Structure formats: structure tokens, C-alpha cells
Amino acid sequence: MTSAAYTPLPGRLNALVIESHVDGDRAVLAPRGELVRGCADILAETLAALPDGVRRVELDMTGVVFMDTAGLQFLETLADHGHRHGMPVATVNWDGQPRRIMELAGLDPADPPHAAAATDPHASASSAVALERAEQLRLLQEEVEQLRQAIASRPVIDQARGILMATQACTSDEAWTILREASQLSNTKLRTVAAAVTASTGSDGTPPPEEVRTALRTAIAHRAH
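None of the values given here were measured: they were computed from a predicted structure.

## What to know about the overall build of the chain
Now for step 1: On a plain count of helices and strands, the chain comes out with eight helices and six strands.
Now for step 2: Sequence-ordered secondary structure for the chain, helices as α and strands as β, is β-β-β-α-β-β-α-β-α-α-α-α-α-α.
Now for step 3: For the chain, buried positions account for 41% of its 225 residues.
Now for step 4: Restricting the contact set of the chain to residue pairs at least 6 apart, pairs at least 24 apart contribute 60%.
Now for step 5: Approximately 12300 Å² of the chain is accessible, and the part contributed by carbon and sulfur atoms is 52%.

The structure is reproduced here in C-alpha cells:
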């Protein structure tokens, strides 16, 4: 039996798939993919579909390659299931980035999941160490989001650099400098500036907004000097 959910990561479509195997009174679930928004709902559906005779649930996390704070809700769902049905639940084989998230949240991957800890990484923050871990988790999540935005923005930025290289007879580094300076001068996100440059060469030839055009002219003039 498998359950799947699609998660809206920028630039691509990712699926969380949970495979399950029941051996007597023991169910082994094997999530594959990313524990992001919606993952807890998929786990809840998978758990609800298990046969009545199941008395133990174990999740093999080998196939989980990425996890954000939604993964903590995933663990809460597992813990709640165990509490409601009076059965032991466990997760095994944490590795890589998901294991790091667990540790930064102050959770021991070897311990059975607990609803209080999984619900809120600040719930156990009664010590300076736990507070520091919670802050580290927040900073890590910011890094993850910045990386996602960078991945999503890369194609349009590369296109804009190519356009500037062709129209301004400049190098790739010089085109990057022009885009970055225009972004700073117009107080506009770099991706937005790049998209405006790309759109201006399309079939409709939509010109960039005035503030972006002015900033681009200024940045190009600075390069000429």
C-alpha cells in the first residue's frame, strides 16, 4: 500500500510517497521524499488505512532526503496515533539533513516520538541549550528558504545575463554586476529585474518599469566608465 502527496517546492514538483508493509501485528512504513507541507496529512491517511490487527508501527526514514519544520508535525501525527491506539511507535534510520533538523530541534532520533516535542520545538526550551537549538533551527529554515528561492530564480537570471552579454557586449561577470547594481538602485529584487530584462526581449517587447529602466541605464553607464 502506498500513499502520495505532492508538495509545492519552487521550480519543481516533489512527491512524498509512503510505502507500508504489515507483518503480523507490526506495520513498517517507509516514507520516501521530503517532509514538507502536507506530509502529516499523508501520514495520517496511511495510518488510518492500516489493518485493525496492527499493534506496533515503525517508520524507516532511510528514504527521507529533506525535512523542514513540517516534519515535526509529521512526528506529532505518529505520536498521536500511538497514544490514541495504545501502541508503541518508533522511527529509525535518520540520516543527513533530516537528522540534523532533529538534533537542532533538541530531539534524539533514537527516541520514540513524543507529541509535545514534535508539536513545537520551543516546548522543551526550558534550558539555555534548548533555546539555542531552537534558534539554530530557525536560522537553518531561513537558509533553506533562501536556497529554494535561489534555485527558482536561477533560470531567469541566467537568461537576463545572456541578454545583457549580447546587447552590451559584456562578460558574464559584468552582466551580473549590472543586474545586481540595477537591483540595488531601484530597490527591486534581483529576480524581478532579471525578469523585466527578459520580458523586454520577448515577442511583446514589454519594457521594464521606469525605475528599473533608469537603474539599468545607470548601471550600464557605470560599466562604460
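## Some thoughts on the pairing of strand E3 (residues 26-35)
Now for step 1: Within E3, seven of the ten residues are buried, which leaves it mostly tucked inside the rest of the structure.
Now for step 2: The sheet contact formed by E3 and strand E4 (residues 56-60) spans four bridges and is parallel. Looking at the pairing, Leu-29 lines up with Leu-59 of E4.
Now for step 3: Each parallel crossover has a hand, and the one from E3 via helix H1 (residues 39-48) to E4 is right-handed.

## Some points on the nonpolar core
Now for step 1: Counting 30 residues, the largest nonpolar core has Leu-29, Leu-35, Leu-43, Val-57, Leu-59 and Phe-74 as its most contacted members.
Now for step 2: Within the residue set of this core, elements represented by two or more residues are strand E2 (14-23), E3, H1, E4, strand E5 (64-67), helix H2 (70-85) and helix H3 (96-104).
Now for step 3: When residues in this core are grouped by element, the largest group, five residues, is from H2.
Now for step 4: Apart from the residues lying within four places of it in its own chain, the contact partners of Phe-74 are Ile-18, Pro-31, Leu-35, Cys-39, Ala-40, Leu-43, Leu-59 and Met-61.
Now for step 5: Ile-157, Leu-190, Val-193 and Leu-216 belong to the second-largest nonpolar core, a separate cluster that totals 19 residues.

## Some points on unusual backbone geometry
Glycine aside, the phi torsion of most residues is negative, and most peptide linkages are trans.
Now for step 1: Despite not being glycine, Asn-93 shows a phi value in the positive range, around 65°.
Now for step 2: For Asn-93, the position within the fold is in the loop between strand E6 (89-92) and H3.
Now for step 3: A relative accessible area of 44% places Asn-93 in the partly exposed class.

## Here's the deal with the pattern of salt bridges
Now for step 1: Across all of its chains, the model carries five salt bridges by this definition.
Now for step 2: When the shortest N-O distance is used, the salt bridge between Arg-32 and Glu-19 registers 2.9 Å. Taken together, the residues Arg-32 in strand E3 and Glu-19 in strand E2 connect sequence positions 13 residues apart.
Now for step 3: The partly exposed category is assigned to Glu-19, whose relative accessible area is 33%.
Now for step 4: Between Glu-58 and Arg-26 there is a salt bridge, with its nearest N and O atoms 3.3 Å apart. Residue Glu-58 is found in strand E4, and its partner Arg-26 is found in strand E3; the two are separated by 32 residues along the sequence.
Now for step 5: One salt-bridge network, held together by shared partners, links Glu-210, Arg-213 and Arg-217.

About the cut-offs
Residues numbered from 1 in each chain as written. Predicted model: local features only at pLDDT ≥ 70, side-chain atom pairs only at ≥ 80, totals over all residues. Heavy atoms only, no water. Helix = DSSP H or I, 4+ residues; strand = E, 2+ residues; numbered from the N terminus. Buried < 20%, exposed > 50% of the residue type's maximum accessible area, 1.4 Å probe, protein only. Contact = heavy atoms within 4.5 Å. Areas by Shrake-Rupley, 256 points an atom, 1.4 Å probe, with all protein chains shown as cover. Pairing = 2+ DSSP bridges. Right-handed = clockwise from strand over helix to strand, strands pointing away. Core = buried A, V, L, I, M, F, W, Y, C linked by side-chain atoms within 4.5 Å. Salt bridge = Lys/Arg side-chain N within 4 Å of Asp/Glu carboxyl O.

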